[in-house]
Amino acid sequence: MNRFFKLFAIIALAVSAANCKKSDDDVAIVPIRDRAEVYSEDKVKIEEYLKNNYIKVVGDDITLDSITDKNTQVSIWDQKQFELKSVKIKNENWSPILVNNTTFKYAKLIDDVEYTLYYLVLNEGGGESPITIDSTYTSYKGYTLKNKVFDVNHSGIWSTFPAVPQGLMPAVAPTFISGFRQATTLMKTATNIIQNPDGTFTYENAGRIIAFIPSGLAYFSGTNIGEAYSCAIFDITLVSKQSRDHDRDGIPSIHEDLNGNGDYFDDDTDGDGVPNFMDVDDDADGHLTRDEITYEVIENGVTVKKLYEFSAIPSCPGGSVKKHLDNTCH
């Protein structure tokens, strides 16, 4: 699948609806419901939607609509043109909390629900699959379960995770909802991006899925799409991804999942509440991680500082872990 779009520098972040101020008389208080209870309702709603709506794809354009003629319109649930898959996922929402003007910790959303995320594979893609903490470039279109469009971005936008406290580190891109982020890991990037003479770009064999997202993985009690506790549908095209070094300590974040379980937030060597991939001093020994993995070589008579490749970072003499994780070693 090829599309044309213009890549512009992303300067302004999306403005949250929460920034729109209302008078006290205009604000409706939405009660916070039990997440498991809401999800049990959402699962029924999504499965009913899949069984009572159809999809029509013409080129890159799709139509989602309710079934009015069962003789000619096949439900998304029963159709065979595109594979309908599902995956069990947990909510991995983490938010930064400022401790003071220079430090912060991350707090995890309390949500023990295991969600079923249904998704329709329009194209798997031919490139690489991102991890949830990669930055991704996607275009998308968002629908309610009534097939009403509530958000669209045809040209594409970079997004990232986790969010960064304002002022502590440069914000590189907005952060999207958990269901959207995790859906991008289910497909692959484009195999090629070609710049055209008119300034547009063509991308080839990009991953594209339609994700049916329960409210607990979307906006939950927020009214971003009109009503609280609304499920969301996203038609997502994954163009590109970028692995990151979130804390800029010289170690790519993908290497800071020390226990290899795919959860980058439970690796916190010094126990300070900041996971290693966001911590500039992983072992809290007062020496920056970046400095601890720097070495010097002489090139053409000049001393040059370089960073060890992750696999080559040494341990201290007699130590069993890499030096930047050993607070007895500087």
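Residues numbered from 1 in each chain as written. Predicted model: local features only at pLDDT ≥ 70, side-chain atom pairs only at ≥ 80, totals over all residues. Heavy atoms only, no water.

### A look at the sheet that holds strand β13 (residues 232-242)
Test applied: Pairing between strands requires that DSSP locate at least two bridges from one strand to the other. Helix and strand assignments come from DSSP, with helices taken as H or I runs of at least 4 residues and strands as E runs of at least 2, each series counted from the N terminus. Fitting a line to C-alpha atoms yields each axis, with helices limited to the stretch in contact; the angle taken between N-to-C directions then spans 0 to 180 degrees. By definition, residues are in contact when any of their heavy atoms lie within 4.5 Å.
The strand order β4-β7-β12-β13-β8-β9 describes an open sheet built from 6 strands, whose pairing is antiparallel. Every interior strand has two partners, whereas the edge strands, β4 (83-90) and β9 (149-159), have only one. Neighbour-to-neighbour, the strand axes of this sheet turn through a mean angle of 25 degrees, independent of strand direction. Both β4 and strand β7 (residues 114-123) contribute to a ladder of 8 bridges, which runs antiparallel. Directly across from Lys85, in β7, lies its bridge partner Tyr119. Running at roughly 30 degrees to β7, helix α1 (residues 35-52) makes contact with β4, β7, β12 (207-213) and β13 of the sheet.

### A look at α1
Here is the rule: Working rule for helices: expected span equals 1.5 Å times residues minus one. Here the term buried applies to any residue with accessible area under 20% of the maximum for its type, exposed to any over 50%, and partly exposed to those in between, with areas from a 1.4 Å probe on protein chains only. The directions from the helix axis to the C-beta atoms form the arc being described.
Taking 1.5 Å as the rise per residue, α1 with 18 residues should run 26 Å; its terminal C-alpha atoms sit 25 Å apart, in good agreement. Within α1 the residues assigned to the buried category are Arg35, Val38, Tyr39, Asp42, Ile46, Glu47, Tyr49 and Leu50. The buried residues of α1 all sit within an arc of 160 degrees when viewed along its axis, so they share a single face. In this structure, the buried residues of α1 make contact with β2 (53-58), β3 (61-66), β4, β7, β12 and β13.

### A word on the nonpolar core
The cut-off we apply is this: By nonpolar core we mean a set of buried residues, namely Ala, Val, Leu, Ile, Met, Phe, Trp, Tyr and Cys, connected to one another through side-chain atoms within 4.5 Å.
Phe180, Ile213 and Phe234 are the most contacted members of the largest nonpolar core, which totals 24 residues. For this core, the elements supplying multiple residues, two or more each, are β7, α2 (178-184), β12 and β13. Within the second largest apolar cluster, 16 residues are counted, among which are Leu64, Tyr118, Phe212 and Cys231.

### Comments concerning the pattern of salt bridges
Stated precisely, the cut-off is as follows: A carboxyl oxygen of Asp or Glu within 4 Å of a side-chain nitrogen of Lys or Arg is what we treat as a salt bridge.
Counted by the stated rule, this structure contains 11 salt bridges. A salt bridge links Arg33 to Glu37; its shortest N-O distance comes to 3.0 Å. Arg33 sits in the partly exposed class, given a relative accessible area of 26%. A single salt-bridge network, built from bridges that share partners, covers Arg33, Glu37 and Glu41.

### Things to note about the packing of aromatic side chains
Where two aromatic rings form a pair, the distance of their centres and the angle of their planes describe that pair. To be explicit about the condition: Side-chain rings of Phe, Tyr and Trp, where Trp is taken by its six-membered ring, are said to pair if the distance between their centres is within 6.5 Å; with planes under 30 degrees apart they count as stacked, over 60 as edge-to-face, and otherwise as tilted.
Under the definition given, this model contains 16 aromatic pairs. Summarising the aromatic geometry, the rings of Phe150 and Tyr219 are spaced 6.3 Å apart at their centres and angled 85 degrees between planes, so their arrangement reads as edge-to-face. In this pair, Phe150 is assigned in strand β9 and Tyr219 in the loop between β12 and β13, connecting sequence segments 69 residues apart. With relative accessibility at 22%, the residue Tyr219 sits in the partly exposed group. Ring geometry for Phe180 and Phe234: centres 5.2 Å apart, planes at 80 degrees, overall edge-to-face. With Phe180 in helix α2 and Phe234 in strand β13, this pair connects stretches of sequence that are 54 residues apart. The same class applies to Phe180 as to Phe234, namely buried.

### Looking at the confidence of the model for the protein chain
Note: predicted coordinates in regions of low pLDDT should not be interpreted at a detailed level. Let me state the cut-off plainly: Per-residue confidence from the prediction method is given by pLDDT, with values spanning 0 to 100.
For the protein chain, the mean per-residue pLDDT works out to 86, and 87% of the residues sit at or above 70. Between residues 1-27, whose pLDDT stays under 50, and residues either more than four places distant or in other chains, the model counts 46 contacts.

### Section: unusual backbone geometry
Backbone torsion omega between Phe161 and Pro162 reads 5 degrees, so that peptide bond is classified as cis. Within the chain, Arg248 stands out as a residue other than glycine whose phi angle is a positive 55 degrees. Mapping Arg248 onto the fold places it in the loop between β13 and α3 (289-292). On the basis of relative accessible area, Arg248 is assigned to the exposed category, the value being 52%.

### Some details on the side chain of Asp249
In this structure, Asp249 sits in the loop between β13 and α3. Setting aside its immediate chain neighbours within four residues, Asp249 contacts Glu256, Asn276, Asp279, Asp282, Thr289, Arg290 and Ile293.

### Description of empty space enclosed by the protein
Applied cut-off: Buriedness of a pocket was judged along seven lines, with at least five required to meet protein on both sides within 12 Å; pockets are open sets of points on a 1 Å grid over the protein atoms alone, cavities are sets where a 1.4 Å probe fits but cannot get out, and lining residues have an atom within 4 Å of a point. Grid points are joined across faces, edges and corners, and a volume is the space filled by probe spheres set on the points. Nonpolar residues are Ala, Val, Leu, Ile, Met, Phe, Trp, Tyr, Cys and Pro. Charged residues are Asp, Glu, Lys and Arg, and all others, Gly as well, are polar.
In the structure shown here, the tally under the stated rule is 1 cavity of 30 Å³ or more. In this structure, the largest cavity spans a volume of roughly 70 Å³. Forming the boundary of the largest cavity are Ile131, Thr132, Asp134, Thr136, Ser159, Thr160, Phe161, Phe176, Phe180, Arg181 and Thr184. In terms of residue count, α2 provides more of the lining of the largest cavity than any other element does, 3 residues in total. Residue composition of the lining of the largest cavity, by class: 4 nonpolar, 5 polar and 2 charged.

### Some remarks on the pairing of strand β11 (residues 201-204)
As judged from the 4 bridges shared by strand β10 (residues 192-195) and β11, these two strands associate in the antiparallel manner. Pairing of Ile193 across the sheet is with Tyr203, part of β11. Here β10 folds back onto β11 in antiparallel fashion, the turn holding 5 residues, of which Gly199 has a positive phi close to 95 degrees.

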